[in-house]
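The lines below spell out each chain.
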Amino acid sequence: MMSANPGPVSQMSGRLLAQLDRRRQRVLRVPEDIPLVAEIVGDRNKALALVRRLANTGWLSRVRRGTYVVRSRSATVDVAAIELIGELSPANHLVTAGRALATHRLSDQSFRRTIVLTSTNVRDWEWLGESVQYAVVQDEDIWGGRPTGRNRRPTVIASPERAILDSFAHPLWGVSHSQAVRALRIALSRPGIAVKLARAAAKYGS
């Protein structure tokens, strides 16, 4: 559970938090980032102990096992779920349906469930009231996206045309038919989208 007021910081903890801040690293992963922590404290066991201590005092907020959000210098947690997806998902992934529509301003709905396509099984997770759910598809079916953000592993969000097609084809992914139609109407008012949509539909094969 996230602590509203994190506890005091030891010298070692302060050094690690400062190092992460300089690197603009807002996510700490175990065991992937343990070598970075070990550079400060000396060895792997001490590094693991320091991570546990920072988690217990609230400076690291657990997203799921082995993955933590690092609080900013002002002790705030200002990382959105969409920013975490790239860090917590396979490199080949795609955020689609409602969350992608909202990102492209094709919907004014507040979607609290984000659908992410991957070719392998990934456990669903939740962050700050937003659930992230994974749908397994064939590797070749993950296309039509663009990386966004400045994270080490950016989140890939579906293009407007791909998000629209997925919304029509998979109503269980949280976009109603009327919402999909409205998104299509908005998209078609934008220059060049009709050709992109036609090409995407041909590739989609549905």
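The structure under discussion appears in the preceding block.
Notes on the structure in this doc start here. Here the structure is a predicted model, which means the values were calculated and not measured.

So, how was this worked out
As a convention, each chain's residues are numbered from 1 in the sequence order in which they are written. Whole-chain, interface and lining totals are the exception, using all residues; otherwise, since this is a predicted model, local features are given only for residues with pLDDT of at least 70 and side-chain atom pairs are given and counted only at 80 or more. Derived side-chain values reflect all non-hydrogen atoms in the structure, with water molecules and hydrogen atoms excluded from consideration. Helix axes are fitted only over the stretch in contact, all axes being lines through C-alpha atoms; the angle between N-to-C directions runs from 0 to 180 degrees. To qualify as a helix, a DSSP run of H or I must reach at least 4 residues; to qualify as a strand, a run of E must reach at least 2; elements of each kind are numbered from the N terminus. Comment on the angle field: the value is read as roughly parallel under 35 degrees, roughly antiparallel over 145, roughly perpendicular from 65 to 115, and oblique elsewhere. A contact between two residues is defined here by any heavy atoms of the two lying within 4.5 Å. Under the scheme applied, nonpolar residues are Ala, Val, Leu, Ile, Met, Phe, Trp, Tyr, Cys and Pro; charged residues are Asp, Glu, Lys and Arg; polar residues are all the others, including Gly. Only the six-membered ring of Trp is used, alongside the rings of Phe and Tyr, when aromatic pairs are assigned; centres must lie within 6.5 Å, and planes under 30 degrees apart are stacked while those over 60 apart are edge-to-face, with the rest tilted. The rule is short: NZ of Lys or CZ of Arg within 6 Å of the ring centre and within 35 degrees of the ring normal puts a charge over the ring. For each residue, the accessible area found with a 1.4 Å probe, counting protein chains only, is set against the maximum for its type, and the residue is called buried under 20%, exposed over 50%, and partly exposed in between. Take a side-chain nitrogen of Lys or Arg and a carboxyl oxygen of Asp or Glu: if they are within 4 Å of each other, that pair is a salt bridge.

1. Notes on the packing of helix H1 (residues 11-22) against helix H3 (residues 44-56)
- Where H1 meets H3, the axes come as close as 11 Å, and the angle between the chain directions of the two elements is 90°. In terms of their interaxial angle, H1 and H3 are classed as roughly perpendicular. Contact with H1, carried on its side by Met12, Ser13, Leu16 and Leu17, involves Leu50, Arg53 and Leu54 of H3 and no other residues of that element.
- When its residues are assigned to classes, the contact of H1 with H3 shows 5 nonpolar, 1 polar and 1 charged.

2. So, the packing of aromatic side chains
- Inspection of the entire model under this criterion finds 0 aromatic pairs.
- Its guanidinium or amino end placed over the ring of Trp143, Arg162 lies 4.6 Å from that ring's centre, counting from NZ or CZ.

3. Here we look at the side chain of Asp33
- Here Asp33 shows up in the loop between strand E1 (27-29) and helix H2 (34-41).
- The class of Asp33 is buried, set by a relative accessible area of 8%.
- The residues contacting Asp33, other than those within four sequence positions of it, are Gln25, Val27, Leu28 and Arg152.

4. What to know about the environment of Arg105
- Here Arg105 is to be found in the loop between helix H5 (98-103) and strand E5 (113-118).
- If near-sequence neighbours (up to four positions away) are discounted, Arg105 is found in contact with Ile186 and Arg190.

5. A word on the pattern of salt bridges
- Applying the stated criterion to the full structure yields 4 salt bridges.
- Across the pair Arg29 and Glu32 runs a salt bridge whose closest N-O atoms are separated by 3.6 Å.
- For Glu32, a relative accessible area of 45% corresponds to the partly exposed category.
- Taking the shortest distance from any N to any O, the salt bridge between Asp166 and Arg162 comes out at 3.0 Å. You can see Asp166 and its partner Arg162 sitting in helix H6 (residues 160-169), 4 residues apart, about one turn around the helix.
- The exposure class of Asp166 is buried, given its relative accessible area of 1%.

6. Some words on the packing of H2 against H3
- Running from amino to carboxyl end, H2 crosses H3 at an angle of 100°, the nearest separation of the two axes being 8 Å. Taken together, the axis directions place H2 and H3 in an arrangement best described as roughly perpendicular. Note on element contacts: H3 touches H2 through Arg44, Lys46, Ala47, Leu48, Leu50 and Val51, opposite Ile34, Val37, Ala38 and Val41.
- When grouped by side-chain class, the residues that make up the contact of H2 with H3 number 8 nonpolar, no polar and 2 charged.

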